[in-house]
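Spelled out, the chains give:
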Amino acid sequence: MPVITYRDALNQALREEMQRDDRVFLMGEEVAVYQGAYKVSKGLLQEFGEMRVVDTPITELGFAGVGVGAAMVGLRPIIEFMTWNFAVLALDQVLNSASKLLYMSGGQFNVPIVFRGPNGAALQLSAQHSQSFESWLAHMPGVKVLTPGTPYDAKGLLKSAIRDDNPVCFLEGEMLYNTKGEVPEEEYLIPIGKADLKREGDACSIITSGKMALVAMQAADQLAKDGIHVDVVDLRTVRPMDVEAIKTSVEKTNRAVVLEEGWEICGIGTQVVDYIQRDCFDVLDAPVIRVHQADVPMPYAKNLERAAKPDAAKTIAAIRKVMYLD
Amino acid sequence: MEALSPTMEEGRLVKWLKNEGDAVKSGDSLAEVETDKAIMELVARGDGILRKRLVGEGESRPVGQLVGVIAAADENIDSLVASAGAASAAPAKPAEQAAPQASAQPAAAPAVAPSQEKPAAPVPPPPPPATQPQQLTASAGNGGPVRSSPLARRLASERGLDLSRVQGSGPSGRIIKRDIESAMAAEVAAQPAAARAAIRPASGADFEDISLTQIRKTIAKRLSESIGPIPTFYLTAEFDVSRVMEMRAAMLELGDEFKVSVNDVLMKAVATALAQHPEVNAHWLGDRIREHHRVHLGMAVATPDGLIVPVIFDADQKRMSEISAEAKELAKRARERKLKPEEYTGSTFSISNLGMFGIDQFTAIINPPEVAILAIGTAADVAVPAGDSFKVQKRIRVTMSCDHRAVDGAVGAAFLQTLRRLIENPLMMVF
């Protein structure tokens, strides 16, 4: 099976879906002539032309709104935000237009739109460029929120997102674009709302998603050397969340650690913990512990940034705590 | 008080065999103890002097409680005697995994604490490595409520463990899964103190209360568990036993040593039939039926204290004479209350014969987990048609009680068909 980058996986998904359905088009900053700020849309302008790959000014609110309008009249736009940090300005279009129009129009207007871009921290991008938005977006009824962590998951989920007739927020990661993984040549789709068990074991459950799935796998592999085998449940979709997968794992292991990229208060992990306490109360041997970013704006200094971010060591410490090992 | 049988929860000290001050050696019999089924002997587990007898004759104690102290002549046993008086010792129960054994190796610690062993508290179970047995309440002694994880609570309740007797190793003394697992491994099982037995005979002429012997209590408990939940149906059949009688008469002519009772012949026939019908030689285990390939025949015996069912193992493999001899011996020892637990457990099918009391026919109560029981009535002379007239024939009526969860009518009837063929044609038993 070919091993390709997360970036190339997304590129393939975009190309295949644009070939399949000529209502699909891509719009955003630097997507066309520059080949994409992170080269995700490399080669697409050449193949599909400037009506299908559209450069925009630096106006997230504006072009998000254009996208919603286009979707309402029958096109299938993919709106790229250079990072989700910049999309904060465009959130009004996501929240008040995209997520609500189907409901408020009494079913007259579908909004088959995909908003995509990198989410969360990279390296020393500093406070305003390192934020994680999955819990903000997952709060809204009317959208789906996807957080693939591997090339395989990215391609399969982006294709499903584009084919979905309702708004989807697709959260990537600058740190993920260069990661590599096996991706089949044949076409495949991954259903939205289905988690994936990335590692298996009955000592503890790690529930996670996005680039934290890589951290979780690192922690799991480290612990496996000491004979401790844990489940890594990669949610892949945070709205709607795969509660069954969470339950199955926790019922097996009797304890959980939730690993997320964002801040503590009202982070996406709080929802995971709610599902666990609600549905797995009787099988819990320990309270659920969350591992997340420190409750500060992301520092710029290398050492402080490292201290603020969740990592494998912190994850392992949390696992050992719920296992009462230390 | 040791667990002298697998189901024993308390014992009544019938008679002390040693006095205070007597020297005893490990293995010496100290006392006779009445268990739920029989009288057994309490045996010394160490050498020394029997310094104190803490139970009077006729008194009962739960398994695990201190009943006496063996120590060296000059050892101070005040603390042991005092704590026995406090009666707060946690009685222990043998672990379910322990194979039912007689007086050897009780899973509970010695109830008569030889004090040349380390001076453990009278709480019997060998202290598990990580916990302190004195700490009977959890929550690390802060006097608060027992803290435990939901999982630990559920596991404890499933296994009948009292959380207040488990030491918690989690934060703030929280009891967690591994504490329950250690407690199970150390065989700390909670057991409510058994109720005291005797009701004093009431004075007055109009009535007399008879206190329940252990055997009576056991019969009441076990057979209530039988007739209530088991959907039972009854099959009656009448057999011609004239050939059996002829056979017996023929054997008796050869000598007194070849005498067998009608019941012995019937037992051999039943055992032979059971070997051909494993579906009635079975146990109902709730989620499955265990068909036994060996035939262990329970034989109901009336004793002065009540009913007990000793077992003739592999009855189908034994000759009639062996069955006869064993039946006699078991009945005798049953009446003397000298049966060992392994002699009255393990039957795959039971029979009950009230023929000697002139009972024509009766229905017996199934002995769970067996799926059937056969009740045998008296052999009576009956007028039967013969041509245009009648002849007299000795016939016997048997009633088979069957657990419909495991045995259907046709299955029970097929067994009785086979049994009829064997009884009416006894030579088939040697075929």
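These lines cover the structure that appears in this document, whether it is placed above or below.

Rules of the game
- Residues numbered from 1 in each chain as written.
- Chains lettered and ligands numbered in written order.
- Predicted model: local features only at pLDDT ≥ 70, side-chain atom pairs only at ≥ 80, totals over all residues.
- Helix = DSSP H or I, 4+ residues; strand = E, 2+ residues; numbered from the N terminus.
- Buried ≥ 20, exposed ≤ 12 C-beta atoms within 10 Å, placed from the backbone.
- Contact = placed C-beta atoms within 7 Å.
- Nonpolar A, V, L, I, M, F, W, Y, C, P; charged D, E, K, R; others polar.
- Pairing = 2+ DSSP bridges.
- Axes fitted to C-alpha atoms, helices over the stretch in contact; angles between N-to-C directions.
- Expected span 1.5 Å × (residues − 1).

**Observations concerning the overall build of chain A**
Each helix and strand in chain A was counted, giving 12 helices and 14 strands. When burial is assessed residue by residue, chain A has 53% of its 326 residues classed as buried. Summarising the internal contacts of chain A: among those between residues at least 6 apart in sequence, 79% fall at separations of at least 24.

**Topic: the interface of chain A and chain B**
Of the residues lining the interface, 8 residues belong to chain A; the matching set on chain B comes to 9 residues. When the residues that make up the side of chain A that touches chain B are grouped by side-chain class, the tally is 5 nonpolar, 1 polar and 2 charged.

**Describing the sheet that holds strand 4 (residues 76–80) of chain A**
Residue and element names in this part refer to chain A. Reading across the sheet, the 7 strands line up as 3-2-4-5-7-6-12 and stay open at both edges, with mixed pairing between neighbours. Since the sheet does not close on itself, it has two edges, and those belong to strand 3 (53–55) and strand 12 (237–239), each with one partner. Between one strand axis and the next, the sheet turns by 20° as a mean value, whatever way the strands run. One ladder, built from 3 bridges, connects strand 6 (residues 144–146) with strand 7 (residues 168–172); its direction is parallel. Bridged to Val145 within strand 7 is Cys169.

**A short note on the environment of Asp221(A)**
Residue and element names in this part refer to chain A. With respect to the helices and strands, Asp221 occurs in helix 8 (residues 212–225). Classification of Asp221 as partly exposed rests on a count of 13 C-beta atoms within 10 Å. Separated by 91 residues in sequence, Asp221 and Ala312 have C-alpha atoms that sit 9.9 Å apart.

**Notes on the pairing of strand 5 (residues 48–53) of chain B**
Residue and element names in this part refer to chain B. Summarising the sheet, strand 2 (residues 23–24) and strand 5 pair through 2 bridges and their orientation is antiparallel. Each bridged residue has a counterpart across the sheet, and for Ala23 the counterpart in strand 5 is Ile49. Across 4 bridges, strand 5 lies against strand 7 (residues 68–71) in antiparallel orientation. In the strand pairing of strand 7, Leu50 is matched with Ile70.

**Considerations on helix 7 (residues 151–163) of chain A**
Between its first and last C-alpha, helix 7 of chain A extends 19 Å over 13 residues, near the 18 Å set by a 1.5 Å rise per residue. Among the residues making up helix 7 of chain A, those that are buried are Pro151(A), Tyr152(A), Asp153(A), Ala154(A), Lys155(A), Gly156(A), Leu157(A), Leu158(A), Lys159(A), Ser160(A), Ala161(A) and Ile162(A).

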